[in-house]
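Overview (structure and organization)
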Amino acid sequence: MRRFVMPDEDAWHMPKDWSGRVHPRRGGRWRPAIADPAGAEQRLRDLLATDKAAKQRASVLGRNAVFDTALLAAGERHLRTLDDDPIAAAVAALLLVYRNVPADGQGLVDGWVARAGLLFAVRAVVAANQICHTGELWTRASEGDTYEQGWRGDDLGATYAVARAVRRHLAVASDRDYREAESVLAGHRSFPAGRILASYLMPTRQDWVDEDCAAAAAWFDEPGREEWIQADHRTMSGILLLAASRTEHLEQLRGAIRSTLLGFEEPGDALTVLDGVGPAAVTFLAGEFYLELLYLHEWSGLNQPTRLNPDAARFVAGTPSDDAMRILVRDHLDEKPWRPGNLLKSGVLTRYPLRVLRVLAERDDAVSRDLFGAMVLTEPRWIPHLAEPGRARAEEIVANRGAGLGAGWATMLDQQDYYRGIDGADNVRRAVAALAAIPTEEAFGLVVDRVERQYFRPALLAAAKRDPQLALRALLTRATEPLVIELLRDHVLAYPQSLAALDDDGRARVHAIAGLPSPGPRGVVPPVLAGVLPQEPDLPEWLIPAKLAEVTVRDTGETLAAEAVHRLCVLLALSTITEPRPELIAARDICEPRQLGAFAWAVLEQWRAAEYSPKSGIALVSIAALGDDTTVADLVAVLPQWSSASARIRAAMDVLAAIGTDFALTQLHRLSRRASTAGLREHASQRLAGTAAARGLSPEQLADRIVPDLGLDADGRTILDYGPRRFTVDLDEQLQPWIAASDGRRLSRLPRPAATDDPVVAPAAYARFADLKKEVKQIGGDRIRAIEDAMVTGRRWSAAEFRALFLDHPLMWQLTHRLVWAASGERGTVSFRVAEDRTFADLHDQAWQLDDTASVAVPHPWHLGDDRAAWSEIFADYAIIQPFPQLGRELATPGEVDLATFAGMKVDARKLFVLTSKGWRFGDDHTSVLRDWPQTVEITYTPRYNWHDPDQPKTLTGVRGCDGLGPVAFCEVVRDLGYLTS
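Below, the structure is looked at part by part. All values derive from a computational prediction rather than experimental measurement.

Parameters at a glance
- Residues numbered from 1 in each chain as written.
- Predicted model: local features only at pLDDT ≥ 70, side-chain atom pairs only at ≥ 80, totals over all residues.
- Heavy atoms only, no water.
- Axes fitted to C-alpha atoms, helices over the stretch in contact; angles between N-to-C directions.
- Helix = DSSP H or I, 4+ residues; strand = E, 2+ residues; numbered from the N terminus.
- Parallel < 35°, antiparallel > 145°, perpendicular 65-115°, else oblique.
- Left-handed = near helix turned anticlockwise from the far one by under 90°.
- Contact = heavy atoms within 4.5 Å.
- Nonpolar A, V, L, I, M, F, W, Y, C, P; charged D, E, K, R; others polar.
- Phe/Tyr/Trp six-rings, centres within 6.5 Å; stacked < 30°, edge-to-face > 60°.
- Buried < 20%, exposed > 50% of the residue type's maximum accessible area, 1.4 Å probe, protein only.
- Lys NZ or Arg CZ within 6 Å of the ring centre and 35° of its normal.
- Salt bridge = Lys/Arg side-chain N within 4 Å of Asp/Glu carboxyl O.
- Pairing = 2+ DSSP bridges.
- 1 Å grid on protein atoms, 1.4 Å probe; cavity = no way out; pocket = protein on both sides within 12 Å on 5 of 7 lines; lining within 4 Å.
- Points joined across faces, edges and corners; volume = space filled by probe spheres on them.

As for the packing of helix α17 (residues 322–333) against helix α20 (residues 353–362)
- At a minimum axis distance of 9 Å, the contact between α17 and α20 shows a crossing angle of 55°. In terms of orientation, α17 lies oblique with respect to α20. By crossing handedness, the relation of α17 to α20 is classed as right-handed. Packed against α17, whose contacting residues are Asp-322, Met-325, Arg-326 and Val-329, the element α20 presents Arg-355, Val-356, Arg-358, Val-359, Leu-360 and Glu-362 at the interface.
- In the contact of α17 with α20, the residues fall into five nonpolar, no polar and five charged.

If you want it as structure tokens, here you go:
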């Protein structure tokens with residue numbers, strides 16, 4: 001039994017990152033971290049020298065207002081010299097700090113304190129508040145537009161940001177500094193705004209806070225100038241909430257303060273109140289007024305109850321009080337849509353178990369009964385610590401072994417099928433897990449009854465792992481349907497020891513129903529899969545090693561024993577996609593590769609049956625460590641089913657990179673161009689770049705080298721053998737397969753196998769052609785685009801690379817002899833073509849030799865000059881059709897085309913997306929496409945491209961960046977503009 005530890009149920013549990021957002025108070029729970037004073041003054045000087053500071057000052061001085069020249073001069077002087085005049089410092093703050101930005105105020109105050117002491121900072125913020133109150137820094141101009149209300153609010157917001165920083169220093173001040181600050185603030189309490197500031201900065205003066213909270217209601221309704229509504233005590237009184245220390249303060253402020261200065265969706269404000277008032281504040285903060293004041297409520301439709309948003313739920317869940325637990329349970333279980341999963345993952349069941357049990361015992365709904373029962377059955381040692389009537393209720397549940405538990409969860413989940421009463425998939429998933437966590441056969445049976453529905457099978461497997469014997473009894477009771485029989489069989493294979501809980505008749509019944517296999521030969525345990533590991537992790541509950549594909553030792557043909565298979569699974573669990581265990585590598589060397597690939601795929605299939613449980617990455621690790629090109633094809637085939645699981649797709653890309661075969665990398669290269677999102681394409685590109693770098697190549701060079709031959713002969717053809725009939729498959733200029741009969745006739749399609757054909761080889765040949773078409777479709781388009789891009793960008797290959805990657809490659813040969821090439825060497829540049837017999841011919845159709853030291857490129861027609869016409873005539877004579885426009889490509893010069901004429905032309909929006917597969921990319925705001933030549937050219941349009949409305953027509957607005965563009969790049973830009981506007 002687990003060690004029993006009573007948690008501290010009076011402890012606070014707030015997110016660690018919230019502590020820096022609290023407005024700290026002297027003696028409070030959260031002590032602020034103050035920046036090192038040694039460098040504070042220099043940091044302030046650096047801040048004053050930034051463009052941001054200059055822009056903020058210019059923004060203030062740009063108001064249509066008349067500034068007091070003396071005050072403005074003093075503030076400007078302080079920004080230059082950091083003198084010791086607190087009034088000048090106050091004006092500088094109003095010029096420098098943007099409304100309600102704590103970081104701006106913090107840097108300023110840290111510098112003040114380091115240079116002149118805390119009392120100076122207190123006097124400066126008091127002076128800033130006084131200036132805001134009197135409005136003496138500026139008055140509105142008599143003419144022109146004015147935004148006085150907003151500008152006054154900006155000044156008060158700047159003052160508040162500075163005050164917030166001063167409060168942080170006061171929270172950790174020495175007793176002497178604190179007393180001196182108190183004296184200064186006491187003298188500032190002669191008007192409402194001064195009183196509010198003093199109470200905010202010194203919330204320990206409860207008499208001040210009492211007085212001001214009592215006055216807040218009158219201030220709220222007090223008449224005043226509309227221009228000052230954002231700048232006087234009517235708005236400023238909101239920060240009294242952050243000085244509250246008693247529930248009476250919260251009662252007085254409810255309905256009497258505005259949110260203007262308070263944070264938007266800022267849990268730090270709520271935490272500040274809890275710090276001052278204590279746990280009793282939670283009932284106020286979770287009420288409608290304060291939730292909406294702090295924007296911590298769930299945004300919902302009209303006439304809907306005010307509910308906790310996620311941050312509000314987090315601070316309620318971390319507050320040590322029964323009231324907090326009541327609020328949390330009520331919000332998550334009583335209001336639709338229900339959020340039981342959010343309640344379960346809040347952590348309150350483990351942090352405050354007795355508080356939760358007390359609250360659940362007060363309730364009479366079925367789900368609360370299920371939660372209560374599951375807790376006391378799982379940990380009955382809580383029961384003695386419960387008071388009545390909760391203890392009696394718990395003892396009754398234990399005595400009747402949880403009879404009836406689970407009905408509440410089951411009813412809620414059944415309603416989800418029809419009414420969608422539960423809020424979102426995660427809440428449903430956790431509710432299913434909660435039902436499965438009830439340790440009774442009856443509750444487990446409710447899960448079995450619903451196992452065909454989403455989320456139930458993973459929950460069932462997890463529960464079966466926790467108590468295999470209970471699961472066995474429940475499954476055996478319901479083993480009348482094929483699916484449950486399968487679950488029973490899998491369970492016994494996974495937990496054979498659970499059969500010990502049954503008598504002989506029960507075991508015989510299990511064997512009769514489940515049809516368990518008879519034990520076979522023991523098998524062999526190779527040395528690499530033997531011995532003791534320093535650590536052996538638990539395998540995931542969904543993995544059943546006994547069901548995995550058989551693996552044999554390559555040299556002997558012996559099958560791996562069960563313990564060797566288990567060790568193989570453990571090694572996979574200890575590995576990562578990029579770092580397999582050395583023993584796995586050794587096992588891969590001695591076992592049949594095809595069988596290992598099938599073994600790895602069987603692991604993934606079990607993972608898929610368990611709805612891709614996220615707790616273990618063993619399935620994709622198995623593919624990476626043991627997979628081959630067959631599993632690569634299978635993995636790529638399931639990627640479209642994972643379109644909503646980007647993390648899983650990224651992991652699959654990592655797997656392809658880890659496998660590293662040419663076929664795997666070809667698929668990764670295809671994903672880098674065609675994955676559904678820019679993020680996924682970038683991830684694939686990064687993996688390709690990493691693999692290329694490891695081989696000392698660029699990504700483009702790697703892509704050249706991983707083109708598969710697809711089983712074609714040297715001429716890029718293949719024979720499909722039907723037995724009595726044979727067909728030849730050839731590829732056209734677009735690498736599209738076409739069929740020729742044995743007599744040379746070109747067929748429109750491949751005939752299906754007939755009764756007279758060989759029953760074995762004919763279906764295999766027919767399936768081979770189907771696979772070939774799919775593979776060529778994937779690879780061919782990418783290769784054609786890559787060569788066209790090489791022509792545009794001027795990419796070159798060595799003579800040896802040209803021969804290996806193009807001339808001698810069965811697939812690429814089909815493109816090679818349809819293009820004009822150019823070789824550059826010591827004797828200059830010569831254009832040539834490749835004849836059908838793989839010899840080279842020059843412009844005069846004479847035999848020509850490629851120098852081994854030359855470099856080879858696909859010349860852009862601009863580089864061919866006058867030779868283009870001659871080459872076009874030769875290609876026409878030989879009836880050579882090119883895979884993309886080379887000789888017939890459009891050319892243009894700046895003197896012939898005025899790019900400005902394209903402005904105003906209409907564009908089919910989908911063509912913009914097509915351009916992004918041809919070297920262009922969308923700009924950050926999606927109002928342009930850009931390409932680097934290497935200087936960046938930008939084609940702008942309006943309205944912006946919207947993924948949700950890809951057909952929305954666009955209008956070109958201009959082309960930028962073409963000055964000084966090279967002739968090839970200019971031709972290509974004009975060509976792409978013509979495509980867009982055609």
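Notes on the packing of aromatic side chains
- Per the stated rule, a full pass over the model turns up 23 aromatic pairs.
- Arranged with centres 4.9 Å apart and planes meeting at 75°, the rings of Trp-797 and Phe-806 form a pair that is edge-to-face. Neither Trp-797 nor Phe-806 differs from the other in exposure class; each is buried.
- Among the aromatic residues, ring-to-ring pairing joins Trp-797, Phe-802, Phe-806, Trp-821, Phe-832, Phe-840 and Trp-848 into one connected group.
- Here the guanidinium or amino end of Arg-648 rests over the ring plane of Trp-642, the centre of that ring lying 5.4 Å away.

Some words on the pattern of salt bridges
- If you walk through the whole model with that rule in mind, you get 73 salt bridges.
- A salt bridge links Asp-654 to Arg-687, with the shortest nitrogen-to-oxygen separation between them at 2.5 Å. Of the two residues, Asp-654 sits in helix α35 (residues 646–659) while Arg-687 sits in helix α37 (residues 678–694), which places them 33 residues apart along the sequence.
- On the basis of relative accessibility, which here comes to 29%, the residue Arg-687 falls in the partly exposed class.

Things to note about the sheet that holds strand β3 (residues 718–721)
- With respect to topology, four strands assemble into an open sheet ordered β3-β4-β5-β6, the strand pairing being antiparallel. Sheet topology places β3 and β6 (746–747) at the edges, where each strand pairs with a single neighbour.
- Bridge analysis of strand β4 (residues 726–731) against strand β5 (residues 737–741) gives five bridges, and the strand direction is antiparallel. Counted as the bridge partner of Phe-727 is Ala-741 from β5.
- Its contacts with the sheet place helix α39 (residues 761–793) against β3, β4 and β5, and it is angled at close to 145° to β3.

A look at the pairing of β3
- Only one face of β3 is buried: it carries Thr-718 and Leu-720, and the other face, with Ile-719 and Asp-721, is open.
- Bridge count for β3 against β4 is four bridges, and the pairing is antiparallel. Note that in β4 the partner of Leu-720 across the bridge is Phe-727.
- A loop of four residues connects β3 with β4, the two strands running antiparallel in sequence, and Gly-723 in this loop sits at a positive phi of about 95°.

Considering unusual backbone geometry
- The linkage connecting Lys-336 with the following residue, Pro-337, adopts the cis geometry, with an omega of -5°.
- Relative to the elements of secondary structure, Pro-337 occurs in the loop between α17 and α18 (340–345).
- That bond from Trp-933 to Pro-934 is cis: its omega, 5°, falls within 30 degrees of zero.
- Residue position: Pro-934 is located in the loop between β15 (928–932) and β16 (936–942).
- In the Ramachandran plot, Tyr-612 falls in the positive-phi region, its phi being about 55° despite a non-glycine side chain.
- Positionally, Tyr-612 belongs in the loop between α32 (593–609) and α33 (618–626).
- What makes Tyr-612 buried here is its relative accessible area of 14%.

Some points on α33
- With nine of its nine residues buried, α33 lies for the most part within the structure.
- The set of residues buried in α33 consists of Ile-618, Ala-619, Leu-620, Val-621, Ser-622, Ile-623, Ala-624, Ala-625 and Leu-626.
- Along its buried surface, α33 packs onto α30 (562–573), α31 (582–590), α32, α34 (629–638) and α35.

Points about the layout of surface pockets
- When its volume is computed, the second largest pocket comes out at roughly 1400 Å³.
- Along the walls of the second largest pocket sit 46 residues, with Arg-430, Ala-433, Ala-434, Arg-466 and Lys-615 positioned nearest its centre.
- It is helix α24 (residues 425–437) that contributes the most residues to the lining of the second largest pocket, seven residues altogether.
- Residue classes in the lining of the second largest pocket are distributed as 27 nonpolar, seven polar and 12 charged.

A short note on the environment of Leu-668
- Among the structural elements, Leu-668 can be located in helix α36 (residues 662–674).
- Counting along the chain gives 17 residues from Leu-668 to Ser-685, while the straight-line C-alpha distance between them is 8.0 Å.
- Each residue touching Leu-668, except ones within four places of it in the same chain, is listed here: Met-653, Leu-656, Ala-657, Ala-684, Arg-687 and Leu-688.

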